[in-house]
Amino acid sequence: MAKLMYRDAIRNTIFQEMQRDERVVVLGEDVVGGMGTAGGPEAIGGIWSTSTGFYDAFGPERVIDTPISESAIMGAAGGLALAGKRPVAEIMFADFIGVCMDQLWNQIAKFRYMFGGKSVCPAVIRMPCGAGYNAAAQHSQMISQFVTNMPGIKVAMPATPADACGLLRQAIRDDDPVVFLEHKFLYAMSGEVPDDPDFCVPFGHARLARAGEDVTIVASGMMVGYAETAADDLAQDGIGCDVIDLRTTSPLDEEAILDSVEVTGRLVIVDEAPPRCSLATDISALVANKAFASLKAPIEMVTAPHTPVPFARELEGAYLPSPVKVAAAVRKTLEYR
Amino acid sequence: MQLNREALTRAYRQMKLIREFEERLHEEIQTGEIAGFTHLYCGQEAVAVGVCEHLTPRDKIVSTHRGHGHCLAKGCDVNGMMKEIWGSQDGLCNGKGGSMHIADIDKGMLGANGIVGAGAPIAVGAALSNKIDGPDDDGKLAISIAFSGDGACNQGTTFEAMNLAAVTKAPAIFVFENNHYSEHTGDAYAVGTSKDIASRAEAFGMKVWRADGTDFFAVYDCMREVLDYVRTPGNGPAAVEFDTERFFGHFEGDPQRYRGEGELDRLRATRDCIKKFRESVTGAKLLSDEDLDKIDAEALDAIETAVQESRKAPRPQPENVLDNVYISY
Ligand SMILES: Cc1ncc(C[n+]2csc(CCOP(=O)(O)OP(=O)(O)O)c2C)c(N)n1
Ligand SMILES: [Mg+2]
């Protein structure tokens, strides 16, 4: 085990996979940084510091710094993957999915199905996402609802440095296309990461982050930490929560959710996205359909409102879920008679 | 240069206001009071002002993430802008947008933009609207301007917008501000047409101009020709590439390791549009140092007032999150 920041766990994992497998290539804006400048290549090494040192180690053939052209980045990742490489593409902010949606949704996601199972497209699309930096409406969004909705795409949302490593390695080795949603606010989070160079976290297996018998809280990404904080506070009052970290939203570990709700009978879902047609509504529907008899109270959803992400500190604070909002939702399910 | 004293004074005041706005933000951001990402326009003032001094409120502009200069030059209120950057409820956008999303539709300022390359198609739409509205009594069209950088010129949206404008003969002007960097990457690497952006517009069949963006008079004179051309019904769009410089980092907090040794000092010494303007108007005895110093002091005052007001300005309330998603729902 080594103590690593989330961002370093991501960087190291890609680096190790590039060493292990020549087919792994990286592409994106400023992933080298300093190209065509006096400072020279690697003057930056990626704006999130998730590709520092790659260019020196692997050179321009495998570390491709791109102009500002998200459609071309996304499409090239698809083409590289169809042609036998294992691209790890970075879309600098997940919000820019808007620029390159076609190449993801109509192309990468659908190749295998449309081609009758004859193609393999092992592309990993890294998308730093989420709010918390007052970066306003076009640099703060949670996009899990869009990508989880895409048949053909797998979606990982690591909540810890260990999962950032294990899920990313799994994503790179996986033969299906994967959207990897890194939360920008977690980059500086520290945690133990296994040293094993083959450490993978299999997709579709949730993590039980806290155990308790009164209420189930389902969360992913940055929301897991909020749920844990709420659960720890509630524990002081003798309220026990299962906190289920989904890890991947597609595939979804339905069993983990249903098993927990069968015990607790109460469910709170925490989702950073707006509330319509989201993970929160998806999981609500699942539980209402498959664990109806276990429910002792209405399902509570703690989500962003049906608005874009606002700029001002006060407004972004009001927009985002929080441990306090999660705890209040848990109490509400318990107060239901 | 055919500008009278009043016009020169106005142009200098606008450039200076932008400069002081940005220099002050550079200071204020370090205290942590201002939230979010801020991209400063310092160094490029002659472009915004040299372009916008020709415009009327009917003319539209669409800006970028580095939008403060365009906003001020198009007449956005300095206090309203500062308050917006402070996230106040009294800001131009009620604290909803911040630095990257300042807009004032009544002034013909259709928004800064956080998505690189998003502005050009919007500008073409506004130009098409101008075309539908037709020429004024003098037979001239209102126009629409897309400001884009050397990075934005690599987006497909920019190409599509140029072609759409060309085939529809929309009175749009693509103003490319080549400050030689897109974030940390040089134009020598990212702009495939060996650093030349205007030639791309030319390839779409547009008439193009090129000028030194650090020379206000070069920008101003060039824009007069461009505007004459585009305002004439039937001519369609045009493009201009201005060679300019950015004096601060890409965003506030950028360590700028991509710069060469002494680069910033050299740029400040030899490529400062405000210095050049002063030298040129005092040399030609059009304005005196005293005249200009007075404007400098006024600009500093205006910024000081804006900052003080922003500090005291009312903050948004949590329930304001829900305002303005729709008109009716
Ligand atoms: C679609 C999109 N891709 C990437 C970014 C991140 N980004 C913001 S500004 C910028 C560089 C823009 O360069 P340029 O167009 O030259 O404008 P400048 O910053 O020099 O004013 C980048 C890559 C973005 N905001 N939007
Ligand atoms: Mg630039």
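Residues numbered from 1 in each chain as written. Chains lettered and ligands numbered in written order. Predicted model: local features only at pLDDT ≥ 70, side-chain atom pairs only at ≥ 80, totals over all residues. Heavy atoms only, no water.

In this section: the environment of B:A123. All names here are of chain B. Within the fold, A123 resides in helix α5 (residues 119-133). On the basis of relative accessible area, A123 is assigned to the buried category, the value being 1%. The spacing of A123 and A165 is 42 residues in sequence and 9.4 Å in space, taken between C-alpha atoms. Not counting the four nearest positions on each side in its chain, A123 is found in contact with V62, S144, I145 and A146. (Helix = DSSP H or I, 4+ residues; strand = E, 2+ residues; numbered from the N terminus. Buried < 20%, exposed > 50% of the residue type's maximum accessible area, 1.4 Å probe, protein only. Contact = heavy atoms within 4.5 Å.)

As a further point, take the site of ligand 1. A:E70, B:H65, B:R66, B:G114 and B:N179 are the nearest of the 22 residues found near ligand 1. Nearby residues around ligand 1 are contributed by chains A and B. B:A152 places a polar main-chain atom, nitrogen or oxygen, 2.8 Å from an oxygen atom of ligand 1. Contact between ligand 1 and B:Y181: an oxygen atom at 2.9 Å from a main-chain N or O atom of the residue. (Near = heavy atom within 4 Å. Polar contact = N/O pair within 3.5 Å; in protein donor to acceptor, adjacent residues only side chain to side chain.)

This part covers a nonpolar patch on the surface. On the surface, a nonpolar cluster with roughly 280 Å² of combined accessible area is contributed by A:L82, A:M114 and A:F115. If you trace the backbone, A:F115 turns up in the loop between α5 (111-114) and β5 (124-129). (Patch = residues over 30% accessible without salt bridge, like charges linked within 9 Å, V, L, I, M, F, W, Y side chains within 5 Å. Areas by Shrake-Rupley, 256 points an atom, 1.4 Å probe, with all protein chains shown as cover. Salt bridge = Lys/Arg side-chain N within 4 Å of Asp/Glu carboxyl O.)

Turning next to the pairing of strand β10 (residues 215-219) of chain A. Residue and element names in this part refer to chain A. Across the 5 residues of β10, 5 count as buried, placing the element largely inside the fold. Neither face of β10 is exposed, since V215, I217 and A219 on one face and T216 and V218 on the opposite face are all buried. Bridge count for β10 against strand β11 (residues 241-245) is 5 bridges, and the pairing is parallel. By the bridge assignment for β11, A219 is matched with D245. Crossover handedness for the path β10 to helix α8 (residues 222-236) to β11: right-handed. Note that β10 and strand β13 (residues 267-271) share 3 bridges and pair parallel. Its bridge partner lying in β13, I217 is registered against V268. (Pairing = 2+ DSSP bridges. Right-handed = clockwise from strand over helix to strand, strands pointing away.)

This next bit is on the UniProt feature "domain: Dehydrogenase E1 component" (unreviewed entry) in chain B. Here the UniProt-annotated "domain: Dehydrogenase E1 component" (unreviewed entry) positions come out as residues 13-319 of chain B. Between the end C-alpha atoms of residues 13-319 of chain B there is a gap of 39 Å, over a span that is 45% helix and 10% strand. (UniProt positions renumbered as here; feature names shortened; annotations may be inferred.)

Two residues of an α-helix separated by three or four positions point the same way, owing to the 3.6 residues in each turn. Residues and elements named next belong to chain A. For α8, which comprises 15 residues, the first-to-last C-alpha distance of 23 Å matches the rise-based estimate of 21 Å (1.5 Å per residue) to within 8%. When α8 is considered as a whole, its buried residues turn out to be M222, M223, V224, Y226, A227, E228, A230, A231 and L234. Backbone geometry just after α8 places G238 at a positive phi near 80°. (Expected span 1.5 Å × (residues − 1).)

Here we come to the sheet that holds strand β1 (residues 60-62) of chain B. All names here are of chain B. Strand order in the open sheet formed by 5 strands is β1-β2-β3-β7-β6, with parallel pairing between adjacent strands. Since the sheet does not close on itself, it has two edges, and those belong to β1 and β6 (207-212), each with one partner. In this sheet, adjacent strand axes meet at a mean angle of 20° when their direction is disregarded. Where β1 lies against strand β2 (residues 144-149), 3 bridges are found, and the strand directions are parallel. Across the sheet, I61 pairs through a bridge with I145, a residue of β2. Against the sheet, α5 makes contact with β1, β2 and β3 (172-178), and its axis sits at roughly 170° relative to β2, the strand it touches most. (Axes fitted to C-alpha atoms, helices over the stretch in contact; angles between N-to-C directions.)

Turning our attention to the nonpolar core. Membership of the largest hydrophobic core comes to 97 residues, with the highest contact counts inside it found for A:L104, A:I125 and A:M127. Of the residues forming this core, the biggest block, 8 residues, is contributed by α8(A). Other than its neighbours up to four places away in sequence, A:I125 contacts A:M74, A:A77, A:A89, A:I91, A:L104, A:I108, A:V178, A:V179 and A:F180. B:A11, B:I18, B:L40 and B:A238 belong to the second largest nonpolar core, which has 65 residues in total. (Core = buried A, V, L, I, M, F, W, Y, C linked by side-chain atoms within 4.5 Å.)

Our focus in this paragraph is the packing of aromatic side chains. With the rule as written, the count across this model stands at 19 aromatic pairs over all chains. Judged by centre distance (5.1 Å) and plane angle (55°), the ring pair of A:Y133 and A:F185 falls under tilted. With A:Y133 in the loop between β5 and α6 (144-148) and A:F185 in the loop between β7 (178-183) and β8 (190-193), this pair connects stretches of sequence that are 52 residues apart. Residue A:Y133 is classed as partly exposed on the basis of its relative accessible area of 37%. Owing to a relative accessible area of 41%, A:F185 belongs among the partly exposed residues under this scheme. The rings of A:Y6, A:W48, A:F93, A:F96, A:Y187 and B:F37 are connected pair by pair, giving a single aromatic cluster. Above the ring of A:Y336, the side-chain terminus of A:R337 is found at 5.9 Å from the ring centroid. Lying across the ring of B:F248, B:R268 places its NZ or CZ 5.3 Å from the centre. (Phe/Tyr/Trp six-rings, centres within 6.5 Å; stacked < 30°, edge-to-face > 60°. Lys NZ or Arg CZ within 6 Å of the ring centre and 35° of its normal.)

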